[in-house]
Amino acid sequence: QDISTKEKMSAHIDILTEDNVMLPKDMIAELDQLIIVSKQNNWLENEIKAQTLKAEWLAFLEKLPTASTIVDKYLPIAQQQKFTRLTVRLQLVRLSIYDSKGFNESVELHISQLLDSAKQWGTNLEAGSIYSAVGHSYLMHGLLDKSLIYLKKAYEIFVTHNDQANLSYALNSMANLYADLEDYETSIKYLHESLEINKAMKDKLSSSIIAHNLGTTYTKISNFEQAKSYLDESLKLALAIEDDIGVVWAKHALAELYVKRKLPREALALFQQVVVTFEETGENRELFNSRIGMFDCYVLINELDNAQAQIPLLESLLKKLKNDSYRLELDKRISQINYLKGDFKSAYQALLSYSDESERQYAKEKRQNIQKLKVSFDTEIAEQKSKALQKENELQQLKFEQQSNERTLWLVISCMSMVIIVSIVFLLVRQNQSKLHYKSMALRDTLTQAPNRRAILHNAEILFSQAKSEGSSFSIALVDLDKFKKVNDIYGHDVGDEVLKSFASACKETLRKEDNYGRYGGEEWLFAFNNLAPNDITTIFERIHKTFNLTNIKGYPAEKHITFSAGVAFSSSNKSLQTLIGEADSHLYKAKETGRNRLVFADECHLLS
Ligand SMILES: Nc1nc2c(ncn2[C@@H]2O[C@H](COP(=O)(O)OP(=O)(O)OP(=O)(O)O)[C@@H](O)[C@H]2O)c(=O)[nH]1
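Each value, and the rule that gives it
Residues numbered from 1 in each chain as written. Predicted model: local features only at pLDDT ≥ 70, side-chain atom pairs only at ≥ 80, totals over all residues. Heavy atoms only, no water. Axes fitted to C-alpha atoms, helices over the stretch in contact; angles between N-to-C directions. Helix = DSSP H or I, 4+ residues; strand = E, 2+ residues; numbered from the N terminus. Parallel < 35°, antiparallel > 145°, perpendicular 65-115°, else oblique. Left-handed = near helix turned anticlockwise from the far one by under 90°. Contact = heavy atoms within 4.5 Å. Nonpolar A, V, L, I, M, F, W, Y, C, P; charged D, E, K, R; others polar. Near = heavy atom within 4 Å. Polar contact = N/O pair within 3.5 Å; in protein donor to acceptor, adjacent residues only side chain to side chain. Areas by Shrake-Rupley, 256 points an atom, 1.4 Å probe, with all protein chains shown as cover. Expected span 1.5 Å × (residues − 1). Buried < 20%, exposed > 50% of the residue type's maximum accessible area, 1.4 Å probe, protein only. Arc of directions from axis to C-beta. Pairing = 2+ DSSP bridges. Salt bridge = Lys/Arg side-chain N within 4 Å of Asp/Glu carboxyl O. UniProt positions renumbered as here; feature names shortened; annotations may be inferred. pLDDT = per-residue confidence, 0-100.

So, the packing of helix H16 (residues 304–321) against helix H17 (residues 324–340)
Phase 1: Where H16 contacts H17, the two axes come as close as 10 Å, and the packing angle between them is 155°. Put simply, H16 runs roughly antiparallel to H17. For the pair H16 and H17, the crossing hand works out as left-handed. Across the interface between the two elements, Leu304, Ala307, Gln308, Ile311, Leu314, Glu315, Leu318 and Leu321 of H16 pack against Tyr326, Arg327, Leu330, Arg333, Ile334, Ile337, Asn338 and Leu340 of H17.
Phase 2: Counted by class, the contact of H16 with H17 contains 11 nonpolar, 2 polar and 3 charged residues.

A few points about the site of the ligand
Phase 1: Neighbouring residues of the ligand: 16 residues in total, closest Lys483, Phe484, Lys485, Asn488 and Arg519.
Phase 2: Between His493 and the ligand, the recorded distance is 3.2 Å, taken from a backbone N or O atom to a nitrogen atom.
Phase 3: Separating an oxygen atom of the ligand from a side-chain N or O atom of Lys592 is a distance of 3.0 Å.
Phase 4: Considering the ligand on its own, with 650 Å² of exposed area, one finds that the protein chains cover 67% of that surface.
Phase 5: Breaking the shell around the ligand down by element, the ones donating at least two residues are strand S1 (474–481), helix H20 (484–491) and helix H21 (493–510).
Phase 6: Considering each element in turn, the shell around the ligand owes the most residues, 4 residues, to H21.
Phase 7: In terms of residue class, the shell around the ligand is built from 3 nonpolar, 4 polar and 9 charged.

A few points about helix H19 (residues 453–470)
Phase 1: The terminal C-alpha atoms of H19 lie 25 Å apart, and with 18 residues this matches the ideal 26 Å at 1.5 Å per residue to within 8%.
Phase 2: All buried positions along H19 are accounted for by Ala455, Ile456, Ala460, Leu463, Phe464 and Ala467. Here the buried residues of H19 occupy an arc of 160° about the axis, which is enough to place them on one side. Pointing more than 90 degrees away from the buried face of H19 are the exposed residues Arg454, Lys468 and Ser469.
Phase 3: After H19 finishes, the residue Gly471 shows a positive phi value of roughly 75°.

Remarks on the pairing of strand S3 (residues 524–530)
Phase 1: In terms of residue burial, S3 counts as a mostly covered element, since 6 of its 7 residues are buried.
Phase 2: Here 7 bridges tie S1 to S3, and the two strands are oriented antiparallel to one another. Its bridge partner lying in S3, Ala477 is registered against Phe527.
Phase 3: Of the pairings in the sheet, the one linking strand S2 (residues 516–521) to S3 comprises 5 bridges and is antiparallel in character. Across the sheet, Gly518 pairs through a bridge with Leu526, a residue of S3.
Phase 4: Taken together, S2 and the strand that follows it, S3, pair antiparallel across an intervening segment of 2 residues, in which Gly522 is found at a positive phi of about 55°.

Describing the sheet that holds strand S5 (residues 598–600)
Phase 1: One open sheet holds the 6 strands; their spatial order is S2-S3-S1-S4-S5-S6, and the pairing between them is mixed. Only two strands of the sheet have a single partner each, and these edge strands are S2 and strand S6 (605–607). The average undirected angle you get between the axes of adjacent strands in this sheet is 20°.
Phase 2: Together, S1, S2 and S3 form the strand contacts of H19, whose direction differs from that of S3 by roughly 25°.

Topic: H21
Phase 1: For H21, spanning 18 residues, the distance from its first C-alpha to its last is 26 Å, which sits close to the expected 26 Å at 1.5 Å a residue.
Phase 2: Among the residues making up H21, those that are buried are Val495, Gly496, Val499, Leu500, Ser502, Phe503, Ala504, Ala506, Cys507 and Thr510.
Phase 3: Against the buried residues of H21 lie S1, H20, S2, S3, helix H22 (534–550) and strand S4 (564–570).

Observations regarding the pattern of salt bridges
Phase 1: Taken as a whole and judged by the stated rule, the model has 24 salt bridges.
Phase 2: A salt bridge links Lys49 to Asp14; the shortest N-O distance between them is 2.9 Å. Linking Lys49 in helix H3 (residues 44–60) with Asp14 in helix H1 (residues 6–18), this pair joins segments that are 35 residues apart in sequence.
Phase 3: Given a relative accessible area of 13%, Lys49 falls into the buried group.
Phase 4: We note a salt bridge from Glu315 to Arg327, for which the minimum N-O separation is 3.5 Å. Linking Glu315 in helix H16 with Arg327 in helix H17, this pair joins segments that are 12 residues apart in sequence.
Phase 5: Judged by relative accessible area, which is 27%, Glu315 ranks as partly exposed.
Phase 6: Accessibility expressed as a relative area gives 24% for Arg327, which makes it partly exposed.
Phase 7: Salt bridges linked by common partners bring Asp296, Glu329 and Arg333 together as one network.

Brief notes about the UniProt feature "repeat: TPR" (unreviewed entry) in the protein chain
Phase 1: Under the present numbering, the feature "repeat: TPR" (unreviewed entry) in UniProt falls on residues 168–201.
Phase 2: Summarising residues 168–201: 88% helix, 0% strand, and an end-to-end C-alpha distance of 10 Å.

Thoughts on the confidence of the model for the protein chain
Phase 1: In this model, the protein chain carries a mean pLDDT of 87, and residues with pLDDT of at least 70 account for 94%.
Phase 2: Per-element averaging of pLDDT across the protein chain places helix H18 (residues 344–443) at the bottom with 72 and S1 at the top with 96.
Phase 3: We note a pTM of 0.49 for the whole complex and an ipTM of 0.96 for its interfaces.

Regarding the packing of helix H5 (residues 84–100) against helix H6 (residues 105–121)
Phase 1: Contact pair H5 / H6: the axes reach a minimum separation of 10 Å and the direction vectors enclose 155°. By the angle between their axes, H5 is roughly antiparallel relative to H6. Once H5 is placed against H6, the crossing between them reads as left-handed. Contacts between H5 and H6 involve Thr84, Arg85, Val88, Gln91, Leu92, Arg94, Leu95, Tyr98 and Asp99 on the former and, on the latter, Ser106, Val107, His110, Ile111, Leu114 and Trp121.
Phase 2: Along the lines of polarity and charge, the residues of the contact of H5 with H6 split into 8 nonpolar, 4 polar and 3 charged.

Okay, structure coming up:
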């Protein structure tokens, strides 16, 4: 392999990580080589990558102390260098090491840390690996409900990513779980699925392990035919890949199957083979189990001396194992062999010891179960608490969102209210304005914009009453434009209109605020004055006359003057306004009669200049 550059070596280690075919010992040898090269070149990431893969393999081969040394050294470095994926993998190796020491608080703590980091990975493969390892760990410690939760989580992630290798591992763990629940049918179903995947991947090592599991499970349900076929397959695969441990395990399982099938000689032959290997590898647990198997076989074929010969060997193994359940197994056999050999006293003593040990173990197991339940219960409570906290946070968040929505709603409502209020105010103002407009229209002459007949009569009435109550003088003047018909006839009605407008403007410009005037009808105008002497009235009309004739009237020749005539009447004690107007009218008539362009009072006349 070309490992001449850092990148090439890294890619090569990735290929090794995916490799399912290589023999374990070749894999370890290759990794050791890569570790040396990366150390020489200072390729730290490659070194950790290779060490991680090596630790995974060692843990898988149950070489836990060596795996542990690697994890202790490289996990802190991976964390420090922020090699997150490698960190997760090393943490999982550490979990499997802790697992082997039994369920305790450090396992629980490690699991909760791993689950925390799994959350950060979402549905990535890393999260799947964590869930799978956690599920496996719970499974090992008999916490089956928890195990199932995490194995299923892992299973879903692996299906999504189509990660066959991990999928088969999760399936295998699930199969073990159902076997523990004594639901062997489900267990076998998962094992078959897992085996198919591994066969498709040509992963002989995993296939051998799963075939072994299938064989032992079929043994449990006494389906000896299937059991034999899968154990044979497992043995064949293990031999093909020179997996010594796999070979021994398969033979061991076959031997147990033969014991169950009451074929002690066949079983014995296999046990005799496996003990040699277990003695070499120092796997004392398996060695002990095999020697117990041999003992049982010798008893079955009635070779009691050979059976008895196993006892001291088992005793010395037990010293190394320091396991109470093995003590029980051994006491049972000691009692049995003494009984069979007729040494009833020793048999009885061994039975007593068996019974005491059994009682002690039962009590211990009970305590352990209680402890286990307690840990499980505490975890459950912690989980519930964290869930409650999460829910509370979610609620808080919702509340906050609701509040902000409410605030927005109120803002919208306030804005809308403001808009509505402004609109209403606007409409009210408009309405008021138009009311004023209509009011002004009702009191104003539309052509000249001067007060109309209604207005001038109304104003005159007010002034008249005021003068009466104050005892001041009040006078009325009725004015009529001279020969206005001619203006219309000669210059047109429009020009006539312009003349009327000019007269109105001349009046407005000239008169004081307190004087009142208005268009009485056609070209006739009514004026109402308070506190004015005839002279004052004359001055006013002179001024109006002047202003009127100085005004440039559109369509009317400037040199041609328009004159007007007026009849003035003064109030006296009991005259009404109408009487006064009537008087003024007759004075106007007089003015017209006497030559126009003049003011006629009751007894005097004034010519306008
Ligand atoms: N252009 C115009 N003419 C009007 C209006 N109102 C009345 N007139 C005209 O004013 C004229 C009034 O004429 P008359 O009352 O006969 O008298 P006159 O021609 O003014 O002559 P004297 O009053 O005798 O000086 C009529 O021809 C009306 O049609 C108006 O609003 N616009």
